[in-house]
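Descriptive analysis of the structure
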Amino acid sequence: MAAQVIDGKAIARQVREEIRREVEDFRARYGIVPGLATVLVGEDPASVSYVTAKNRACRELGMASYHHPLPAETSQEELLALIDRLNRDRQVHGILVQLPLPRHIDENRVLFDIDPNKDVDGFHPVNVGRLMIGAAVFPPCTPAGIQELLIRSGTPIRGAEVVVVGRSNIVGKPIAVMLVQKMDGADATVTICHTRTRNLEEHARRAEILIVAAGRPNAVTGSMIRPGATVIDVGVNRVGTTESGKAKLVGDVEFATACAVAGKITPVPGGVGPMTITMLMRNTLRAAKLSVGATC
Ligand code: GUN
């Protein structure tokens, strides 16, 4: 029997409606519109499309967005000066610097300069530390989206065998940390696999929840999946263009063979992607609430 496809778009729509109502309540109570500043250095097409979607989501949910497109030649000093201004701007509750940055800019230096209370990506070491000890204020958006998808699709997490393929700072490491916490929506047994893992197939086949963030198409195929497992495909790989000229996307999982074995699976596009932006909106609202001392 084919796997149930987890509809990330539909779940994201539902969560966004909840956030939109909360934004409205917050505005009515405090007279404040939550605001997100986005910073994009250069014109990488994928980054342009992500940032555009983030700004559109802000407008749809009644939040303000302040976009700062900068030329690829922007110096690190110029970028740090902008971050400093945004840190002090009271209309800006969240700051997002789209990654990757051009090679002449030290990414960590920039991320470390963002006020941790405006760090809606959750990339500042203070927020990484909070996440590690189970006291996250801004859980990073893609892992938070994955956790929300698991919860809202009714996938049991407590005590489950979770295998994460990929050890990036943006997805692999934080999702592993989040799912191992002693709390609701977590409490799993987590294994992280990566490029140096011996016998990936053996690990993957043990997983009741398999999270794939490897960064390459077909990194996981049906034969690597435990029958009935929930498979979360985090990959976004651009493989040519569709007939209408848009970028054609595939995930990291070979969908056809995986579908025949898995119990549930997220599609690409329309799985994790819409949830990532939704969690960014949730973090931005949280930042606005923090700025007035309101509880989350
Ligand atoms: N580039 C790819 N994913 C992300 C993300 O979650 N946040 C930012 N700022 N840049 C990214």
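Residues numbered from 1 in each chain as written. Predicted model: local features only at pLDDT ≥ 70, side-chain atom pairs only at ≥ 80, totals over all residues. Heavy atoms only, no water.

1. Some thoughts on the packing of aromatic side chains
Going through the model one piece at a time under the given rule, you end up with one aromatic pair. Relative to tyrosine 30, the ring of phenylalanine 26 has its centre 5.1 Å away and its plane inclined at 40 degrees; by these criteria the two rings are tilted. With a gap of four residues between them, phenylalanine 26 and tyrosine 30 both fall in helix α1 (residues 8–30), about one helical turn apart. The side chain of arginine 238 reaches across the aromatic face of tyrosine 50, ending 5.9 Å from its centre. (Phe/Tyr/Trp six-rings, centres within 6.5 Å; stacked < 30°, edge-to-face > 60°. Helix = DSSP H or I, 4+ residues; strand = E, 2+ residues; numbered from the N terminus. Lys NZ or Arg CZ within 6 Å of the ring centre and 35° of its normal.)

2. Some details on the sheet that holds strand β3 (residues 64–70)
Taken in spatial order, the three strands line up as β3-β2-β4 in an open sheet, and their pairing is parallel. Strands at the two margins of the open sheet, each flanked by one partner only, are β3 and β4 (94–97). Each neighbouring strand pair of the sheet contributes to a mean axis angle of 15 degrees, computed without reference to strand direction. In this sheet, β4 lies alongside strand β2 (residues 35–41) in parallel orientation, the contact comprising four bridges. (Pairing = 2+ DSSP bridges. Axes fitted to C-alpha atoms, helices over the stretch in contact; angles between N-to-C directions.)

3. Some thoughts on the site of the ligand
Every residue lining the ligand is accounted for by Leu96, Val97, Gln98, Leu99, Asp121 and Phe123. In this structure, valine 97 approaches the ligand through a main-chain N or O atom, which is 2.8 Å from a nitrogen atom. Protein burial of the ligand: of its 280 Å² of free accessible surface, 82% is covered by the chains. Class assignment for the residues of the shell around the ligand results in four nonpolar, one polar and one charged. (Near = heavy atom within 4 Å. Polar contact = N/O pair within 3.5 Å; in protein donor to acceptor, adjacent residues only side chain to side chain. Areas by Shrake-Rupley, 256 points an atom, 1.4 Å probe, with all protein chains shown as cover. Nonpolar A, V, L, I, M, F, W, Y, C, P; charged D, E, K, R; others polar.)

4. Side note on helix α7 (residues 172–180)
In terms of burial, α7 is largely enclosed, as seven of its nine residues are buried. Those residues of α7 that sit buried are Gly172, Pro174, Ile175, Ala176, Val177, Met178 and Leu179. In this structure, the buried residues of α7 make contact with α5 (125–132), α6 (141–152), β5 (161–165), β6 (189–193) and β7 (209–212). (Buried < 20%, exposed > 50% of the residue type's maximum accessible area, 1.4 Å probe, protein only. Contact = heavy atoms within 4.5 Å.)

5. Quick notes on the pattern of salt bridges
Going through the model one piece at a time under the given rule, you end up with 13 salt bridges. Taking the shortest distance from any N to any O, the salt bridge between arginine 21 and glutamate 17 comes out at 3.5 Å. Taken as a pair, arginine 21 and glutamate 17 lie in helix α1 at a separation of four residues, close to a single helical turn. A relative accessible area of 46% means that arginine 21 is categorised as partly exposed. Residues aspartate 184 and arginine 158 are paired through a salt bridge, measuring 3.1 Å at the closest nitrogen-oxygen approach. (Salt bridge = Lys/Arg side-chain N within 4 Å of Asp/Glu carboxyl O.)

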